[in-house]
Amino acid sequence: MARDRFLKQSLGSLYSSIKQSRILVVGAGGIGCELLKNLVCTGYGHITVVDLDTIDLSNLNRQFLFRHSHIKKSKALVAKEAAGKFNPNVNIEAHHANIKDPQFNVDWFKSFGIVFNALDNLEARRHVNKMCLAADVPLIESGTTGFNGQVQPIRRGLTECYDCQPKETPKSFPVCTIRSTPSQPIHCIVWAKSYLFNELFGVSEDQAADLDHSEDSENAIEIENLRQEAQALQKIRSAMGSEDFPRQVFDKVYTQDVERLKSMEDMWRTRKAPTALNFDELLPQSESVSPDIANQDQRTWTIAENVAVFNSSLNRLSARHEELKATTESDDASPILSFDKDDKDTLDFVASAANLRSVVFGIETKSEFDIKQMAGNIIPAIATTNANTAALCVLEAFKIMQQKLEKASMVFLTKSTDRMIAREPLQPPKPDCPVCGNAQARLATIPEKTTLEQIVEQLLKAKLGYTDELSISTDVGIVYDPDMEENLPKTLAELGIKKDIFITVRDEEDANTKVNLVLAISEMDDNTFEAPYYLIPETIIVPLKANATNGTGPATNGDVAAVTAAPAPVATKKRTASAADLEAEPATKRGKLIESAEIDGANGSTKDNEPIVLDDDGTILLD
């Protein structure tokens, strides 16, 4: 009996489409392992998996494709081999790489039928969301938090994208709490991760994401002292690679800085003063510590053990930094290292530095395992949640492949005694979304030959109807506005605009303002360079913003299909996953139309003989 006999019976005509499809899975962790297994067993013909991480001991309790012998190996490569055994007829391609690498450009994304996101961080999710919108490829977004899971199908111009709903930003801490008066282990961890690590191997503390100066306006003197400390560390940074480097860093942050804080007596009238550490006293004890101590990450280290790991990690990171510096062009900026919870060198440094900081201030120290979770904002994962979420991803993908988007749903998985799975209808794109609320197109050109003036005059003004009031920007900044005409004669390449770069065109007119136009740059063959550019699609229409038409026209996503495909719903309100989502509701109430009235959003009154929509909880939104 053929192994796919029951698949054919279950899926019918859909099975042939599945067998010929090309699928991308971004992430091979908790959800990714389950998802990859499901896709392979379903018979998807070609699957590509991309993951940057390597396998850690803490992964093995839920990422079932991996074994103890796989620790330190690539997740993507091992997942390919393990999942391939479920169905040898499926072609699996694996990349141990960052999905944000230049090789994974818009053209590459466009080669897939569906993209599945199985990621664990906000930045990468947003990047994949942007790339799928640019490539016009369906995306199945998913995530889990403990017992809760969520699956969101995304289709350009037809549904909300990942950024349509605001996401909770990571918690920030006032800089003076972090740098002068820590009282909790998390304060010391943020100090080690976002301040000390960055000052030595990354960017300045003023750019650190977890430090917040907004509440410190009354502490100007202390802020200036902290700035001077940062400048002193920058001088110590020049000693990187020398034998004395760990001593200099230790003396600066655990002796000199602490003594300065102790001298501020008013600060310690109501709290315990810090205790400075002495490197020469602790060094002999640390030298007798086993080199294997850094692998004992589930117990709390002693002071001597923390000093040993601190010195060892500093030497390892210094060697990496110097190696990067040697391979970097002399004209380039100094290379930087970034903290990664799965990077053993950076984690060892942050864990030991945070624990020594805790000792100074009399705060409880933590094991490296606990610090990894706190520094990486990790919420413990549940294997069954990952499995159920991955299964829901595949079921929603079936609807996308059958061109039945109206049957797809936003799915929530919640721990409850009442209702485990809650569904919500997919919502149309938000007109004010900074990502999908824009018009999207691709601009094929030769950056070395095309000037900015050709783009402005021939494309934007003559073809797309822009006026003189417009601006053009990249991720680096603005390259053109009416006051920057000196850039017009320059080529795109001279302005740093090249293949796979996104540029944003903003209409600065006060009236009849167009939505932002996002152009993904791609290169065309030099032999076909008859015109300076061509657009994909050529028939793009950049619509007006919703408020630019006084309510008489919808805001759209910029391609022709989107103009009529996703009309805004009347009087509906999107709900978030909550206990209310778990209550059973009569199916007849969902999406029911009443032909007697329409809500007038301006004054709350109704108009006869026009439809209104009941929200799926049965209530009519009047105001």
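Right above here is the structure, for reference.
A brief look at the structure comes next. Because the structure is a prediction, the values reported are computed rather than measured. (Residues numbered from 1 in each chain as written. Predicted model: local features only at pLDDT ≥ 70, side-chain atom pairs only at ≥ 80, totals over all residues. Heavy atoms only, no water.)

**Some words on the environment of Ile-154**
Argument step 1. Following the sequence through the fold, Ile-154 ends up in strand 6 (residues 148-154).
Argument step 2. Sequence-wise, Ile-154 and Ile-140 are 14 residues apart; in three dimensions their C-alpha atoms are separated by 6.1 Å.
Argument step 3. Once residues within four sequence positions are removed from consideration, Ile-154 is found in contact with Asn-129, Pro-138, Leu-139, Glu-141, Thr-159, Glu-160, Cys-161 and Tyr-162. (Helix = DSSP H or I, 4+ residues; strand = E, 2+ residues; numbered from the N terminus. Contact = heavy atoms within 4.5 Å.)

**Observations concerning helix 14 (residues 368-375)**
Argument step 1. If you check which residues of helix 14 are buried, you get Glu-368, Ile-371, Lys-372 and Ala-375. All buried residues of helix 14 fall inside an arc of 105° around its axis, so they share one side.
Argument step 2. Looking at the buried residues of helix 14, the elements they touch are helix 8 (185-201) and helix 13 (344-360).
Argument step 3. A positive backbone phi angle near 55° is found at Asn-377, which sits one or two residues after helix 14. (Buried < 20%, exposed > 50% of the residue type's maximum accessible area, 1.4 Å probe, protein only. Arc of directions from axis to C-beta.)

**What to know about unusual backbone geometry**
Most peptide bonds take the trans configuration, and most residues that are not glycine carry a negative phi.
Argument step 1. At Asp-136, a residue that is not glycine, the phi angle is positive and equals roughly 55°.
Argument step 2. Relative to the elements of secondary structure, Asp-136 occurs in the loop between helix 6 (122-135) and strand 5 (139-145).
Argument step 3. Unusually for a residue other than glycine, Gln-403 sits at a positive phi of about 60°.
Argument step 4. Note on placement: Gln-403 falls in the loop between helix 15 (383-401) and strand 9 (409-413).

**Concerning the environment of Leu-122**
Argument step 1. Counting through the fold element by element, Leu-122 comes out in helix 6.
Argument step 2. With residues near it in sequence (within four places) discarded, Leu-122 still touches Tyr-162 and Lys-167.

**So, the nonpolar core**
Argument step 1. Within the largest apolar cluster, 54 residues are counted, with the highest numbers of intra-cluster contacts made by Leu-196, Tyr-254 and Phe-349.
Argument step 2. Elements with a contribution of two residues or more to this core: helix 8, helix 9 (220-237), helix 10 (245-262), helix 11 (279-287), helix 12 (303-326), helix 13 and helix 14.
Argument step 3. Top contributing element to this core by residue count: helix 8, with eleven residues.
Argument step 4. Leaving out residues up to four positions away in the same chain, Leu-196 has contacts with Trp-191, Leu-233, Val-253, Tyr-254, Phe-349 and Ala-353. (Core = buried A, V, L, I, M, F, W, Y, C linked by side-chain atoms within 4.5 Å.)

**As for the packing of helix 10 against helix 11**
Argument step 1. Contact pair helix 10 / helix 11: the axes reach a minimum separation of 11 Å and the direction vectors enclose 130°. In terms of orientation, helix 10 lies oblique with respect to helix 11. For the pair helix 10 and helix 11, the sense of crossing is right-handed. Where helix 10 abuts helix 11, its residues Pro-246, Arg-247, Phe-250 and Asp-251 lie against Phe-279, Asp-280, Leu-282 and Leu-283.
Argument step 2. Here the residues of the contact of helix 10 with helix 11 sort into five nonpolar, no polar and three charged. (Axes fitted to C-alpha atoms, helices over the stretch in contact; angles between N-to-C directions. Parallel < 35°, antiparallel > 145°, perpendicular 65-115°, else oblique. Left-handed = near helix turned anticlockwise from the far one by under 90°. Nonpolar A, V, L, I, M, F, W, Y, C, P; charged D, E, K, R; others polar.)

**A look at the sheet that holds strand 2 (residues 46-51)**
Pairing between the strands of a sheet comes from backbone hydrogen bonds, and it takes one of two forms, parallel or antiparallel.
Argument step 1. Strands sit in the order 3-2-1-4-5-6-9-10 across an open sheet of eight strands; the sheet is mixed. The open sheet has two edge strands, strand 3 (91-96) and strand 10 (421-425), and neither has a second partner. For this sheet, the mean angle separating the axes of adjacent strands, direction not counted, is 15°.
Argument step 2. Strands strand 2 and strand 3 of the sheet are contacted by helix 4 (residues 75-84), whose axis makes an angle of about 165° with strand 3.
Argument step 3. Its contacts with the sheet place helix 6 against strand 1 (22-26), strand 4 (114-117), strand 5 and strand 6, and it is angled at close to 165° to strand 5. (Pairing = 2+ DSSP bridges.)

**Details of the pairing of strand 10**
On any regular strand, side chains alternate: one points to one face of the sheet, the next to the other face.
Argument step 1. The side-chain alternation of strand 10 yields one buried face, formed by Ala-422 and Glu-424, and one unburied face, formed by Ile-421, Arg-423 and Pro-425.
Argument step 2. Taken together, the five bridges between strand 9 and strand 10 define a ladder with antiparallel strand orientation. Along strand 10, the bridge assignment pairs Ser-409 with Pro-425.

**Notes on the pattern of salt bridges**
Argument step 1. For the structure on display, the rule yields 26 salt bridges.
Argument step 2. Here Arg-125 ties to Glu-141 by a salt bridge, and the two come within 2.7 Å at their closest N and O atoms. With Arg-125 in helix 6 and Glu-141 in strand 5, this pair connects stretches of sequence that are 16 residues apart.
Argument step 3. Given the relative accessible area of 4%, Glu-141 is considered buried. (Salt bridge = Lys/Arg side-chain N within 4 Å of Asp/Glu carboxyl O.)

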